[in-house]
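Tertiary structure, described
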Amino acid sequence: MKSIILAGGSGSRLWPLSRDEYPKQLLSIDNDTSLLQQTFDRLMRFIKPFDILTITNIKHYQDIKLQLNKVDKQNVVLAEPLGKNTAPAIACSLEYFKQKNIEDDIVIILPSDHLIKDYIAFDKTVQMAKPLAEMGYIVTFGIKPTYPETGYGYIKTLKPLQEGFIVDRFVEKPDIDTAKKYLDSGEYYWNGGIFMGKISTFLNEFQKFTPEISNQLEKLNFKTNSQIDYSIYENMPSISIDYAIMEKSDNVALVELQSDWNDLGSWQSIYNIKEKDENGNVLTGKVITNNVKNSFIYSQKEVVAVSGLENVILVETEDAIMACDINASQEVKKLYEKLKQQQSDTIKVHKTVFRPWGYYTCLNNGEGYLTKTICVLPHHKLSIQSHNHRSEHWVVLEGKALVIKDGKKYNLYQGDSIDIPIGIKHSLQNPYDEELKIIEVQKGNYISEDDIIRYQDCYGRI
């Protein structure tokens, strides 16, 4: 069996914790591992790690790769050169497997950001779906509704088929009255976006219903290129797998997901899975409350003091505060869209960004400059790199630094500084036992994290 993990989403409903460049699947919400890592670990119970293909957006590639390397270094990651929704991403991933001459293998396709704790029950669902996939069906894992949810799409079943059902149709997110009718009928399931079938079955359906995608696949060459060619991918339409295939195909079956499931699609859903205190609250970080009930309050850095409120979500990060009624947490996406229209940096990336060597925190930025603090962990180092558009000035705040600049070594101590001109190869390193902290001042006509050319890197980012 093979698998495709879809890891290109933005998680806009979990803003401000989830950001454009650090989305929901990279967050550790339920325990010390991220949702992506949990998904990969769940699949490794019955699929070899090198047969699990993760596809993500190019801007998330390095973070995805670094997280998966901590689970198993045999993982395979494909990068979309631009966002095109799920259908092109899935089609290219299927073509990757096809070019390895394994068209008759079964593949399970699933999102990277869902929470499933009962691995044994999930395995049972996979085994239930396998005979239907062997018969040539595309099998979807339906979630039995427990309440009239308006935030999910639904799947209507037609008649029983072995341990599942023939699918009648996929339906859009309903209004509340329609959702109640779906729940009462017993014929509808939530669409969890998990699919399974033969690789050849999926590719045949792509050819049948979306030849504008299928015809582009023939131009890809994964035998000599491990990534997706931009000039080919940009010609594919931006469309979801539901619209492209699932809603049109008459070859779809459904099995009921036997395990627990939560798509963590809102702050309310995270509140629901967390342990509550005696007042029904979930409190994280530096939170002080008085007469607060049934609320989720999260503080990342500052003290958050709340009094006399009920049923609220309040999330504080270094650069943003979001508050809403707990029953309106799906509306956070509208706030995200408004900030996007304003081109706010708060939807893009956190002020503090973690890297395998440590972390950095942005302090201030303006036209042509940016300042940040950088912390390098003991016995770690940044890649040997250069920049085409910016110079850098470093001042050591704590610890000792070994700087490689244009092939020469410099030892810097507290208070020492050094200039890194545009285009010069350099590296900041900490071979010592204490943390290294510096101030970095960037100056140039283009200030961005993508202005990095790496020459050597011990974390596999070349």
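Residues numbered from 1 in each chain as written. Predicted model: local features only at pLDDT ≥ 70, side-chain atom pairs only at ≥ 80, totals over all residues. Heavy atoms only, no water.

1. Here's the deal with the pairing of strand E18 (residues 369-376)
Along any regular strand, the residues point their side chains to alternate faces of the sheet. A large share of E18 lies buried, amounting to six of its eight residues. Here strand E17 (residues 358-366) runs beside E18; their pairing, made up of eight bridges, is antiparallel. Bridge pairing links Tyr359 to Cys375 in E18. Connecting E17 to the antiparallel partner E18 that follows it, the hairpin turn spans two residues, and Gly368 within it adopts a positive phi of roughly 85°. Sheet topology note: the E18/strand E26 (residues 436-444) ladder contains eight bridges and is antiparallel. From the neighbouring strand, Lys372 faces E26, where its bridge partner is Glu440. (Buried < 20%, exposed > 50% of the residue type's maximum accessible area, 1.4 Å probe, protein only. Helix = DSSP H or I, 4+ residues; strand = E, 2+ residues; numbered from the N terminus. Pairing = 2+ DSSP bridges.)

2. Considerations on the confidence of the model for the chain
Confidence in the prediction for the chain averages 93 pLDDT; 100% of positions are at 70 or higher. Highest mean pLDDT in the chain belongs to strand E1 (residues 2-6) (98); lowest belongs to strand E16 (residues 352-355) (85). (pLDDT = per-residue confidence, 0-100.)

3. Some thoughts on the sheet that holds strand E12 (residues 296-299)
The mixed open sheet is built from four strands, whose spatial order is E10-E12-E14-E15. Every interior strand has two partners, whereas the edge strands, strand E10 (282-284) and strand E15 (321-325), have only one. For this sheet, the mean angle separating the axes of adjacent strands, direction not counted, is 5°. Sheet topology note: the E12/strand E14 (residues 312-316) ladder contains four bridges and is parallel. (Axes fitted to C-alpha atoms, helices over the stretch in contact; angles between N-to-C directions.)

4. Observations concerning the pattern of salt bridges
Tallied over the entire structure, the rule returns 15 salt bridges. Glu318 is the salt-bridge partner of Lys301, the closest N and O atoms lying 3.8 Å from each other. Placement of Lys301 in the loop between E12 and strand E13 (304-307) and of Glu318 in the loop between E14 and E15 is noted, with a sequence separation of 17 residues between them. One network of salt bridges, in which partners are shared, links Lys156, Asp168, Arg169 and Glu187. (Salt bridge = Lys/Arg side-chain N within 4 Å of Asp/Glu carboxyl O.)

5. Focus: the environment of Glu21
Along the chain, the position of Glu21 falls in the loop between E1 and helix H1 (35-43). Sequence separation between Glu21 and Leu412 is 391 residues, and the spatial gap between their C-alpha atoms is 32 Å. Setting aside residues no more than four positions away along its own chain, Glu21 makes contact with His60, Asp63, Lys348 and Val349. (Contact = heavy atoms within 4.5 Å.)

6. Digging into the side chain of Ser249
As for its position among the elements, Ser249 is in the loop between helix H9 (241-246) and strand E9 (252-256). A distance of 2.5 Å separates a polar atom in the side chain of Ser249 from a polar atom in the side chain of Glu205. Only 3.0 Å separates the side chain of Ser249 from the backbone nitrogen of Asn251, close enough to count as a polar contact. (Polar contact = N/O pair within 3.5 Å; in protein donor to acceptor, adjacent residues only side chain to side chain.)

7. Considering the pairing of E14
Within E14, five of the five residues are buried, which leaves it mostly tucked inside the rest of the structure. The two faces of E14 match: Val312, Leu314 and Glu316 on one face and Ile313 and Val315 on the other face are all buried. With five bridges connecting them, E14 and E15 associate as antiparallel partners. Across the sheet, residue Val315 finds its bridge partner in E15, namely Met322. Adjacent in sequence and paired antiparallel, E14 and E15 are bridged by four residues.

8. Description of unusual backbone geometry
In this structure, the amide linkage connecting Trp15 to the following residue, Pro16, adopts the cis form with an omega of 10°. With respect to the helices, strands and loops of the structure, Pro16 is situated in the loop between E1 and H1. The phi dihedral of Asn291 is positive, around 55°, even though this residue is not glycine. Exposure remark for Asn291: the relative accessible area of 54% places this residue in the exposed category. For Asn311, which is not glycine, the phi dihedral falls at a positive 55°. By secondary structure assignment, the location of Asn311 is in the loop between E13 and E14. By relative accessible area, Asn311 is classed as partly exposed at 29%.

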